[in-house]
Amino acid sequence: MAREATKEIKIGNKVIGGGNPVLIQSMTNTKTEDVSATVEQIQKLEGAGCDIIRCAVPDMEAAKALTEIKKHIKIPLVADIHFDYRLAIAAMEHGADKIRINPGNIGAKERLLAVVKEAKDRNIPIRVGVNSGSLEKDLVEKYHGVTPEGLVESALGKVKMIEDMGYDNLVISIKSSDVMMCVRAHEMIAEKTTYPLHVGITEAGTIISGNIKSAVGLSLILNQGIGDTIRVSLTGDPLEEIKSAKLILHTLGLRKGGIEVVSCPTCGRTKINLIALANAVENMVADIPLDLKVAVMGCVVNGPGEAKEADIGIAGGIGEGLLIKHGEIYKKLPEEELLPALREELLHWGE
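Note that the coordinates shown come from a computational prediction; the quantities given were computed from them, not determined experimentally.

Colleague: Can you help me understand the pairing of strand β5 (residues 77-80) in this one?
Modeller: Regular strands have side chains that alternate between both faces of the sheet. Of the two faces of β5, the one holding Leu77 and Ala79 and the one holding Val78 and Asp80 are both buried throughout. Pairing of strand β4 (residues 52-56) with β5, which is carried by four bridges, proceeds in the parallel orientation. Each residue of the ladder has a partner; that of Ile53, found in β5, is Leu77. The parallel pair β4 and β5 is bridged by helix α2 (residues 60-70), and the resulting crossover is right-handed. As defined by bridge partners, β5 adjoins strand β6 (residues 98-101) across three bridges and the pair is classed as parallel. What sits directly across from Asp80, in β6, is Arg100. Handedness of the β5-helix α3 (residues 85-93)-β6 crossover: right-handed.

Colleague: How should the packing of helix α7 (residues 179-190) against helix α8 (residues 207-222) be read in this particular structure?
Modeller: How two helices sit against one another is set out by the angle between their axes and by the gap between those axes. Direction vectors running N to C along α7 and α8 enclose 20°, while the axes themselves pass 9 Å from each other. When the axis of α7 is compared with that of α8, the two are roughly parallel. By crossing handedness, the relation of α7 to α8 is classed as right-handed. Here α7 contributes Val179, Met180, Cys182, Val183 and His186 to the contact with α8, which in turn contributes Lys213, Val216, Gly217, Leu220 and Ile221. Broken down by class, the residue content of the contact of α7 with α8 amounts to seven nonpolar, two polar and one charged.

Colleague: Honestly, the sheet that holds strand β14 (residues 320-325) in this entry has me stumped. Any pointers?
Modeller: Adjacent strands of a sheet pair through backbone hydrogen bonds, lying either parallel or antiparallel. Taken together, the five strands give an open sheet; going across it, the order is β11-β12-β13-β14-β15, and neighbouring strands pair in mixed fashion. Strands at the two margins of the open sheet, each flanked by one partner only, are β11 (260-263) and β15 (328-334). The sheet shows a mean angle of 20° between the axes of neighbouring strands, direction not considered. With six bridges joining them, β14 and β15 adopt antiparallel strand pairing.

Colleague: Would you explain the sheet that holds strand β8 (residues 170-175) in this entry?
Modeller: Strand order in the closed barrel formed by eight strands is β3-β4-β5-β6-β7-β8-β9-β10, and the pairing between neighbours is parallel. As paired elements, strand β7 (residues 126-131) and β8 share six bridges and run parallel to each other. Within the sheet, the bridge partner assigned to Asn131 lies in β8 and is Lys175. Of the strands in this sheet, β8 and β9 (197-199) touch α7, which is tilted by about 150° from β8.

Colleague: I would appreciate a short explanation of a nonpolar patch on the surface in the present structure.
Modeller: Taken together, the side chains of Met180, Ile207, Ile208, Ile212, Val216 and Leu220 define a hydrophobic patch exposed on the protein surface, amounting to about 550 Å² of accessible area. In terms of residues, the nonpolar patch owes the most to one element, α8, which gives five residues. The residue Met180 is located in helix α7 in this model. Take Met180: its relative accessible area is 51%, and that puts it in the exposed class.

Colleague: What's the story with the environment of Glu191 in this structure? I'm lost.
Modeller: The residue Glu191 is located in the loop between α7 and β9 in this model. The sequence separation of Glu191 and Val39 amounts to 152 residues, and the corresponding C-alpha distance is 39 Å.

Colleague: Is there a simple way to explain the side chain of Arg54 in this structure?
Modeller: As for its position among the elements, Arg54 is in strand β4. Every residue in contact with Arg54, bar those within four places of it in the chain, is listed here: Gln25, Ser26, Met27, Thr28, Val78, Asp80, Arg100, Arg127, Lys175 and Arg231.

Colleague: Quick question: what am I supposed to make of the nonpolar core here?
Modeller: A general feature of soluble globular proteins is that nonpolar side chains tend to end up buried together. Counting residues in each nonpolar core, the largest one holds 73 residues, and the members touching the most others are Ile99, Ile126 and Ile230. In terms of residue count, the dominant contributor to this core is α7 (eight residues). Those residues in contact with Ile230, other than ones at most four positions away along the chain, are Val22, Leu23, Ile24, Gln25, His198, Val199, Leu218, Leu222, Ala245 and Leu249. Grouped together as the second largest cluster of nonpolar side chains are 28 residues, Ile259, Leu274, Val285 and Leu346 included.

Conventions adopted
Residues numbered from 1 in each chain as written. Predicted model: local features only at pLDDT ≥ 70, side-chain atom pairs only at ≥ 80, totals over all residues. Heavy atoms only, no water. Buried < 20%, exposed > 50% of the residue type's maximum accessible area, 1.4 Å probe, protein only. Helix = DSSP H or I, 4+ residues; strand = E, 2+ residues; numbered from the N terminus. Pairing = 2+ DSSP bridges. Right-handed = clockwise from strand over helix to strand, strands pointing away. Axes fitted to C-alpha atoms, helices over the stretch in contact; angles between N-to-C directions. Parallel < 35°, antiparallel > 145°, perpendicular 65-115°, else oblique. Left-handed = near helix turned anticlockwise from the far one by under 90°. Contact = heavy atoms within 4.5 Å. Nonpolar A, V, L, I, M, F, W, Y, C, P; charged D, E, K, R; others polar. Patch = residues over 30% accessible without salt bridge, like charges linked within 9 Å, V, L, I, M, F, W, Y side chains within 5 Å. Areas by Shrake-Rupley, 256 points an atom, 1.4 Å probe, with all protein chains shown as cover. Salt bridge = Lys/Arg side-chain N within 4 Å of Asp/Glu carboxyl O. Core = buried A, V, L, I, M, F, W, Y, C linked by side-chain atoms within 4.5 Å.

None of this, on its own, says anything about what the molecule does.
Written as structure tokens, this is what we have:
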């Protein structure tokens, strides 16, 4: 199955599947009922490039808070529900654009049917989530452990439960913390269904380990034309998830626009605090909507040559540095003026 062949699903003001761009998702880590904190975090994530946001709805207070949260955000909101079918219904009543459930832990068939009926009446998509950590015992026994085959069978079984209730406005998510198991499961399910897939490596870990696992897993999956939304799950600030997801999509050629920052490793020739400078540049360009490559180089000896492939760059020296445009030295500046000068050039690029 190619990405273009997946079913189109509308989530609020976004459309996924059917060859539409792969969208970036994250999840708030605030208490959802704390409306001001949740809105503040979502707005920051929006500004960083988040396309869809998910909020935990563990109780009725959180469900009711969605009404006010929705007034202050622009991107679609997904309600994350576990166990209590009444919370799924309340979340939809209070403005959720999509709900995420595991039909297996919602309870009796009548309860799932009540959730599906509410979703159908409001035309709200349901994300059917299956996690390797919660795979049914009978499937673990059948496949002698947690396997890609078991994950796929579990997911498709839950999808059929909802289809049999007359609803097919669905997105599927199958996640595992085992990267290669996750990859294989997505390859298998992509051959068996045309529903859009939300892709992520669950419980991937901290900034370093989580980024590496997510980059490997997501790239192997996305590069086969599989996956319609992604989340880089990190134990840390959700803003880091957006940065990583954007870079993965950009590197794979699945997203255009946005400034790409390249920087050299430090060496004995480095005469400037390159690590701090490169990080400062990366943060500084996050809100600039240009499709450019910016180079940050550590010395004025090799810097200009190494920056030739970039549109613009800076190279550090002892207390000063060079501003480089299109591979040519443009200005020599005091060190403290390099960052402001670079930003000024980018803000007026093309004028």
